[in-house]
Amino acid sequence: MGGRSSTASGKTTVDVAITGVTGAGKSSLVNALRDLSDFDDKSAETDVIEGTKEPTAYPHPNFPDVIIWDLPGIGTPDFKAKVYLESVNYSQYDFFIIVASDRFTVYDTQLSRAVQQMKKPFYFVWSKMDIAITNEKLNPDFNEEATLQKIRKYCLDNLVEAGIASPLSQVYLVSSLYREKYDFHLLQRILEDEIEALRRRLLKPAVLPDSEKERDDKSTKPSAGNRALSICLPKVFKVGLAKLRDALLQRNLDEVSEEIRQELDKLQNVKLDIAITGVSGAGKSSLVNALRGMTDYEEGAAEVGITQTTMECHAYPHPLFPKVTLWDLPGIGTPEFKPKDYLEKVCFSQYDFFMIVTSERFTENDVLLAHEIMKMKKKFYFVRSKMDVSIAAESRKPNFNMESSMQKIRTYCCDNLTKVGESNPRVFLISRRDLNMFDFPDLQEALENDLDDLKRQALILALPVFSRRILEKKKAAMEALIWKFALVSCALGAVPVPGLSAVCDLGLLVGGLILFYKVFGLDEESLRRVAKVVGKDYQVLKSAIKKSPMSSKITPKLVGSLLTRSLFYATLSVIEVALYFVPVLGSLAGGVSSFVTVFFMLKSFLKDIVEDADNVRAKAAEP
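Just so we're clear, the structure is a prediction, and the values are computed from it rather than from any experiment.

**Student:** Help me understand a nonpolar patch on the surface, please; the structure alone is not making it clear to me.
**Tutor:** On the surface, Phe400, Met402 and Met437 cluster together to form a nonpolar patch covering roughly 220 Å² of accessible area. Secondary-structure assignment places Met402 in helix H13 (residues 402–420).

**Student:** What should I look at first to understand the confidence of the model for the chain in this one?
**Tutor:** When pLDDT is low, close inspection of the predicted coordinates is not appropriate. Residues of the chain with pLDDT of at least 70 account for 81%, and the chain-wide mean is 78. Scored below 50 in pLDDT, residues 1–9 makes 17 contacts in the model with residues more than four places away or belonging to other chains. In the model, residues 213–234 has pLDDT below 50 throughout and makes 56 contacts with residues more than four positions away in sequence or in other chains.

**Student:** What exactly am I supposed to notice about the sheet that holds strand E13 (residues 379–384) here?
**Tutor:** Adjacent strands of a sheet form backbone hydrogen bonds with each other and so pair up, either parallel or antiparallel. Here we have six strands laid out as an open sheet, ordered E10-E11-E9-E12-E13-E14, and mixed in their pairing. Whereas interior strands pair on both sides, the edge strands pair on one side only; in this sheet they are strand E10 (314–317) and strand E14 (427–429). Strand-to-strand twist across the sheet, computed as the mean angle between neighbouring axes with direction ignored, equals 25 degrees. Where strand E9 (residues 272–278) lies against strand E11 (residues 324–328), five bridges are found, and the strand directions are parallel. Counted as the bridge partner of Ile274 is Leu326 from E11. The strands that helix H9 (residues 284–291) touches are E9, E10, E11, strand E12 (353–358) and E13; relative to E9, the one it contacts most, it runs at about 150 degrees. Along the sheet, H13 makes contact with E13 and E14, crossing E14 at roughly 150 degrees.

**Student:** Help me understand the nonpolar core in this model?
**Tutor:** With 118 residues, the main nonpolar core has Ile276, Leu287, Tyr342, Phe348, Met355, Leu513 and Phe520 as its most contacted residues. In terms of residue count, helix H22 (residues 591–621) provides more of this core than any other element does, 14 residues in total. By size, the runner-up hydrophobic cluster in this structure holds 64 residues, among which are Phe104, Leu111, Val115 and Ile133.

**Student:** Is there a simple way to think about the pairing of strand E3 (residues 14–20) in this case?
**Tutor:** Each regular strand carries side chains that alternate between the two faces of the sheet. Burial analysis of E3 places seven of its seven residues in the buried class, the great majority of the element. Taking every second residue as pointing to the same face, both faces of E3 are buried, with Val14, Val16, Ile18 and Gly20 on one and Asp15, Ala17 and Thr19 on the other. Bridge count between E3 and strand E5 (residues 66–70): five bridges; the pairing is parallel. Bridge assignment links Val14 to a residue of E5, and that residue is Val66. Pairing of E3 with strand E6 (residues 95–100) involves five bridges; the strand directions are parallel. Each bridged residue has a counterpart across the sheet, and for Val16 the counterpart in E6 is Phe95.

**Student:** Looking at this structure, I do not really get the environment of Leu508. What am I missing?
**Tutor:** You can see Leu508 is positioned in helix H17 (residues 506–519). Sequence separation of Leu508 and Phe485 is 23 residues, and the distance between their C-alpha atoms is 7.9 Å. With near-sequence residues (within four places) excluded, Leu508 lies in contact with Arg261, Phe485, Val488 and Ser489.

**Student:** In this structure, what is going on with the sheet that holds E6? I would like to understand it.
**Tutor:** One open sheet holds the six strands; their spatial order is E4-E5-E3-E6-E7-E8, and the pairing between them is mixed. The open sheet has two free edges, formed respectively by strand E4 (56–59) and strand E8 (171–173), since each of these has just one partner strand. Adjacent strand axes in the sheet meet at a mean angle of 25 degrees, parallel and antiparallel pairs treated alike. Summarising the sheet, E6 and strand E7 (residues 122–126) pair through five bridges and their orientation is parallel. When the bridges of E7 are listed, Ile98 appears paired with Phe124. Running over the sheet, helix H5 (residues 144–161) touches E7 and E8 and is turned about 150 degrees from E8. The sheet strands contacting helix H6 (residues 184–202) are E3, E5, E6, E7 and E8, and the helix crosses E7 at an angle near 165 degrees.

How each quantity is defined
Residues take numbers from 1 onward in each chain, read along the sequence in its written order. Since the coordinates come from a predicted model, pLDDT governs what is reported: local features require at least 70, and pairs of side-chain atoms require 80 or more to be given and counted, while whole-chain, interface and lining totals use all residues. Side-chain calculation: all heavy atoms of the structure are included, whereas hydrogens and water are not. Patch definition: residues with relative accessible area over 30% and no salt bridge; like charges joined within 9 Å; nonpolar side chains (Val, Leu, Ile, Met, Phe, Trp, Tyr) joined within 5 Å. All accessibility values rest on the Shrake-Rupley procedure with a 1.4 Å probe; residue burial counts only the protein chains present in the view. For salt bridges, the criterion is a side-chain nitrogen of Lys or Arg within 4 Å of an Asp or Glu carboxyl oxygen. Strands are runs of DSSP state E lasting at least 2 residues, helices are runs of H or I lasting at least 4, and numbering of each runs from the N terminus. On a scale of 0 to 100, pLDDT captures the predictor's confidence in every residue. By the convention used here, residues are in contact when the closest approach between their heavy atoms is within 4.5 Å. Pairing between strands requires that DSSP locate at least two bridges from one strand to the other. Axis definition: a line fitted to C-alpha atoms, limited for helices to the stretch in contact. Angles are taken between N-to-C directions and run from 0 to 180 degrees. We define a nonpolar core as any set of buried Ala, Val, Leu, Ile, Met, Phe, Trp, Tyr and Cys residues linked to one another through side-chain atoms lying within 4.5 Å. Each residue is assigned to one of three classes by its accessible area relative to the maximum for its type, calculated with a 1.4 Å probe on protein chains only: buried under 20%, partly exposed between the two thresholds, exposed over 50%.

Shown next as structure tokens:
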């Protein structure tokens, strides 16, 4: 550690250690206690990646014989928990401030117990309160005082559970950015009182200034009350026909029709289980809600909170595609889910693929999760969450460059995954607050590429329409289904449509159109959900739908009227094209004209749906 300040005859400095999990805000607290910003000269270096690599000494502004030590964070690959205390010479410090944010972890238990065993004093600081309160304000029932009390009680309960004696006067809620709020000034005042007592007790009298030699050796303790998303071109039509022709090379028309019907059924029933895992407090539950197109506080959403909320594996079916299930797993590394028991407790082997979610820093628990998934030969994606928070913090730097900051974070994560043994690490930087920013579109594409056809389709259909890129993917997925819907509706179960020459299954077509609405988020339920997410009135979003009827209006009668408009396309030239590609279409119950009519009806309807979905997306994005 270097340069401990002591002499053979006794200590000449009081050494205060700022410790805790990596990324909790220790260096920012060091600066706050020294009355410095994070960017002043001689301030402790802060960063969006792991910055403190060794214990670093900083002088206290008011006491030249007091050193504030910024210790590396516990639980990283460089500072594993089992060797941390020795690596940082834990026993050499006189007073400790254990800094945590988001969740109380097994590391906090380890650190506080070690201090207590040494019979030394410590404070427990819950940092980043500004972020916690901002997030909680999204809750319709938000009450700031109740929120502060909830966090304080959570900390105290966990300290008591860890066996810490009389923790009531040791918990402080702070924001290093907004020091005038919460408990920072109380912490600062009480700490200085504690330091004065330690100086008088630990330092030789000759070291103290003359004015202090005659003071009584009294330590002041804080009171318990001070906690305070041109109709079909001929090329597209020919592509569908070509696929149908290829399918008929080995099987007859009835067999192909039945096979397609079964495929359509499978598409709506294929199971996809996605596990969201990672350290506690990284934003897993919020990511689950974002992937389901929900707010954090509506009915059926995964519970989020400023303290630990996920205490068991929760299955959250997609609200419109219930066979797609997102599993919100408890965070690893809390007292209830210790690393050695975690994999068995959460049934780690049952999921299709994983997202390891982290924020702030790469930890040894992230290493454990990555190792176990690789051993199962399954896919995982490393998701670095809360990028909006990180970029906001970085933007305060005078030389801030967003691309450089993002690259620094990405390189940090990739380097750590490479050390784990991942030869081609995939890291995605995301913000739950705006999925169109950062890497979420790339994450979605990676997921698609790694899934089989049916599960890939299920994923695309289920994703919320947050960008034009997703909108185009959904459009392509639906275009690939149109010829299949048209064939099946004109074959098995087809009946004459009253007033038309077409023969088709109206019920199947009604179901198909409703599926279009759900896929593009234009059904009433989805519109209301989006309105909540973006904070806009439902009627405002509804007003952006100009061409499509509302989903509740999709009836056999409406489908019949849409087919009437499409009869225009069942011309001799179009029918000749269809029969050229697939002669067997002439044997359909309603003939090739029915197939052409249904195909163009669906294609026209899809065009309108896509246009309306894009209008809704744009309206939702308006400030």
